[in-house]
Protein chains: 2
Amino acid sequence: MTAPSPEFAFIAGLRALATDPAARGLVDDCAVIEFGGETLVLTHDMMVEGVHFLPGQDPADVAWKLVATNISDLAAKGAEPVGVLLGYTLGADDARFLEGFGEALAYYRATLLGGDTVSGPPGAQTLGLTAIGRATHRPVPSRSGARPGDMLYLTGPVGAAMIGFEALRDGTAGDSLAYRRPTARLAQGLALAPHVTAMMDVSDGLLLDAMRMARASGTTFAIDSAAVPIATPEARRAEALRWGDDYQLLFTMPKAIAPPVAAHAIGKVVAASDSALLLDGTVLTDASGLGYQHTRAPVR
Amino acid sequence: MTAPSPEFAFIAGLRALATDPAARGLVDDCAVIEFGGETLVLTHDMMVEGVHFLPGQDPADVAWKLVATNISDLAAKGAEPVGVLLGYTLGADDARFLEGFGEALAYYRATLLGGDTVSGPPGAQTLGLTAIGRATHRPVPSRSGARPGDMLYLTGPVGAAMIGFEALRDGTAGDSLAYRRPTARLAQGLALAPHVTAMMDVSDGLLLDAMRMARASGTTFAIDSAAVPIATPEARRAEALRWGDDYQLLFTMPKAIAPPVAAHAIGKVVAASDSALLLDGTVLTDASGLGYQHTRAPVR
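Residues numbered from 1 in each chain as written. Chains lettered and ligands numbered in written order. Predicted model: local features only at pLDDT ≥ 70, side-chain atom pairs only at ≥ 80, totals over all residues.

K.L.:
Just to check I follow, could you spell out the interface of chain B and chain A for this structure?
P.N.:
Accessible area lost on assembly of the parts is the figure often given for the size of an interface. Each side of the interface is counted separately: chain B has 63 residues, and chain A has 63 residues. For the side of chain B that touches chain A, the secondary-structure elements that each account for two or more residues are α1 (6-17), β1 (31-35), β2 (38-48), β3 (79-89), α3 (94-108), β4 (112-118) and β5 (126-135) of chain B. For the side of chain B that touches chain A, the element with the most residues is β2(B), which contributes eight residues. Counted by class, the side of chain B that touches chain A contains 34 nonpolar, 21 polar and eight charged residues. (Contact = placed C-beta atoms within 7 Å. Helix = DSSP H or I, 4+ residues; strand = E, 2+ residues; numbered from the N terminus. Nonpolar A, V, L, I, M, F, W, Y, C, P; charged D, E, K, R; others polar.)

K.L.:
Can you help me understand the environment of A:P182 in this one?
P.N.:
Note on placement: A:P182 falls in the loop between α5 (177-180) and α6 (186-192). Residue contacts for A:P182: discarding those within four places in its chain leaves A:K65, A:A68, A:A161, A:D245, A:D246 and A:Y247.

K.L.:
Could you clarify how one ought to interpret the domain arrangement of chain A in this entry?
P.N.:
Residues and elements named next belong to chain A. Assigned domains within chain A: domain 1 (6-135) and domain 2 (150-284). Spacing between the C-alpha centres of domain 1 and domain 2 amounts to 22 Å. Listed as interface residues are 16 residues of domain 1 and, on the opposing side, 21 residues of domain 2. Ranked by residues supplied to the side of domain 1 that touches domain 2, first place goes to helix α2 (residues 59-76) with ten residues. Partitioned by chemical class, the residues of the side of domain 1 that touches domain 2 number eight nonpolar, three polar and five charged. (Domains from an automatic or database assignment.)

K.L.:
Could you clarify how one ought to interpret the relation of the copies chain B and chain A in this entry?
P.N.:
The two chain copies are related to each other by a rotation about an axis together with a translation along it. If you rotate chain B by 180 degrees and push it 0.0 Å along the axis, it lands on chain A with an RMSD of 0.0 Å. The transformation just described matches what one would write down for a two-fold rotation axis. If distances are taken from each C-alpha of chain B to the rotation axis, the shortest is found for B:G36, at 2.1 Å. When the interface residues of chain B are mapped onto chain A, 100% of them again fall at the interface, so both copies present the same face. (Least-squares fit on C-alpha atoms with pLDDT ≥ 70 in both.)

K.L.:
Would you mind showing me how to read helix α4 (residues 160-170) of chain A here?
P.N.:
Residue and element names in this part refer to chain A. All of the buried residues in α4 are A160, A161, M162, I163, G164 and L168. In the core, the buried residues of α4 are packed alongside α5 and α8 (237-240). A positive phi of about 65 degrees marks G171, the residue just after α4. (Buried ≥ 20, exposed ≤ 12 C-beta atoms within 10 Å, placed from the backbone.)

K.L.:
How do you make sense of the nonpolar core when you look at a structure like this?
P.N.:
One recurring pattern in soluble globular proteins: nonpolar side chains tend to sit buried together. Core analysis: the biggest nonpolar cluster contains 201 residues, and A:V67 and B:V67 have the highest contact counts within it. Ignoring sequence-local partners within four residues, the contact set of B:V67 consists of B:V84, B:F101, B:A104, B:L105, B:Y108 and B:L129. (Core = buried A, V, L, I, M, F, W, Y, C linked by C-beta atoms within 7 Å.)

K.L.:
So what exactly am I meant to see when it comes to the sheet that holds strand β2 (residues 38-48) of chain A here?
P.N.:
Note on sheets: strands pair through backbone hydrogen bonds, and any given pair is parallel or antiparallel. All names here are of chain A. Read across the open sheet, the five strands follow the order β1-β2-β5-β3-β4; overall the sheet is mixed. A single partner strand is all that each edge strand has here, and the edge strands are β1 (31-35) and β4 (111-118). Each strand of the sheet is rotated relative to its neighbour by a mean of 20 degrees, with strand direction disregarded. By the bridge criterion, nine bridges tie β2 to strand β5 (residues 126-135) in an arrangement that is antiparallel. The partner of L42 across the bridge, within β5, is I132. (Pairing = 2+ DSSP bridges. Axes fitted to C-alpha atoms, helices over the stretch in contact; angles between N-to-C directions.)

K.L.:
How should the sheet that holds β1(B) be read in this particular structure?
P.N.:
Residue and element names in this part refer to chain B. Read from one edge of the open sheet, five strands run β1-β2-β5-β3-β4, paired in mixed fashion. For this open sheet the edge positions go to β1 and β4, each flanked by a neighbour on one side alone. Strand after strand, the sheet turns through a mean of 20 degrees between neighbouring axes, direction not considered. In the sheet, β3 pairs with β4 via six bridges, with the strands oriented parallel. Within β4, the position partnered with L86 by the bridge is G115. Against the sheet, helix α2 (residues 59-76) contacts β2, β3 and β5, and its axis sits at roughly 145 degrees relative to β2.

K.L.:
I'm lost on the pairing of β2(B) in this one. Help?
P.N.:
Residue and element names in this part refer to chain B. Buried residues dominate β2, accounting for ten of its eleven residues. Relative to β2, β1 runs antiparallel, the two sharing five bridges. From the neighbouring strand, E34 faces β2, where its bridge partner is T39.

Here is the structure:
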């Protein structure tokens, strides 16, 4: 038996502090708060140079990704962006960062509301973004509402970011756009929110995130790997199912209802069994090796 | 003529993006947004090891300060805390951080709503906190409402954090509490909000912050240095007026009204002149040397 990772222990400690129902036990993508007569949706994601982006990567792309990943969390709640707060440590090319940041805010119709800028010491650049959204449908979708009998859907292919990452890392002629400038499925999230029983964005790998949603719902997800759309050669299907950064929406709906947006049925929800995840009927009992767990451990 | 600092250029670029009135042009302590039937107050402040806290400082104190500085921004708006989102890079003693974090949240009755935890690369620890508040009085106090004829007030002494910082840095027996565990003047801010014409918290030095408020209001502040309460020996008065981190509230009110909380009259608001700041009748024409401008350049 191995000792828990520092992330694991710290996040367990945070959970003990997050007693307000709005925090959703830190197991959801966002906090959801009743405020005034409406529902506020809040998320904060960080990006660290060398962990979430490559040293030397174009700061405009880094800025885009910082915005897109946070907007993606709002998308999973069916929330429309209200604005963002930026936590910025000065880097190699702040003007380029601003360019990409402005492009992403314009694209998602989010406005910059405030934040903080600091001169960091030499070393890895650390960035944070808080996104504030307004729920368009209540109850706000969570990860915990999947029910046996529901179908499991994915809005589009996984693996494109993996291919893009490799092209960028290796300096090949391959298309790296999917890694550099991911798309938050905001329109899809807004359209889906009234219909789904559970929803999340796939940031850390399809299998890992599916297992999290199955566990949050107290069910088991049975995934048919061949039904999962991939953006990679077939030989790399297993990797595509484990790589993150594509930000597709993963959601469940009763079988009788057709999704209101284009989506691929990739499996079904069944009663909880020993494992939260079955892949082609095979039990996956351990969360390790399913995704991004060790290089990125978000509080959620 | 010197080139503008990287911070200055970056913040100017951010201002061009922050066109929503809720952002208050990034010159205020917080964003102020109408949401539902209420008013949401949002702030995000960062702390970097070696910049905002000493390497090796007790993580429990660092956590406390991270919470207190953000709650202080809410205090300046007369906003009661709703909750916080934490952006955390793992550090030397995460368990100690949690202790101080929990103590500060309990003290200010704020709840943890979410956030993100990342394993940073070796190097300086970078922390961010987003605080969400609910305005208790509308219009929400700004920095820009001071009018000629108003009196200028400060809720308590400055310089205590400077003395505390020196004690901590030098390892003397002196009391370092004011630097390690600053107090956000939340109760005072709530009581003052309905009465002030302008208000802010003094984080970067009294003179620098007073100049910012005078400029935001399009007025000049005339400060009587002898009237400023200080927590230092008299010989260090000039330094105490320039050191930050005490988080007293600085506010203006019409002369005819008595402040509803204990406060020191330290000067008055006069019609705009060449300088936004007069100290004992002497014009201060340059923002340099008035405070923390170069080591901490917040977006606000």
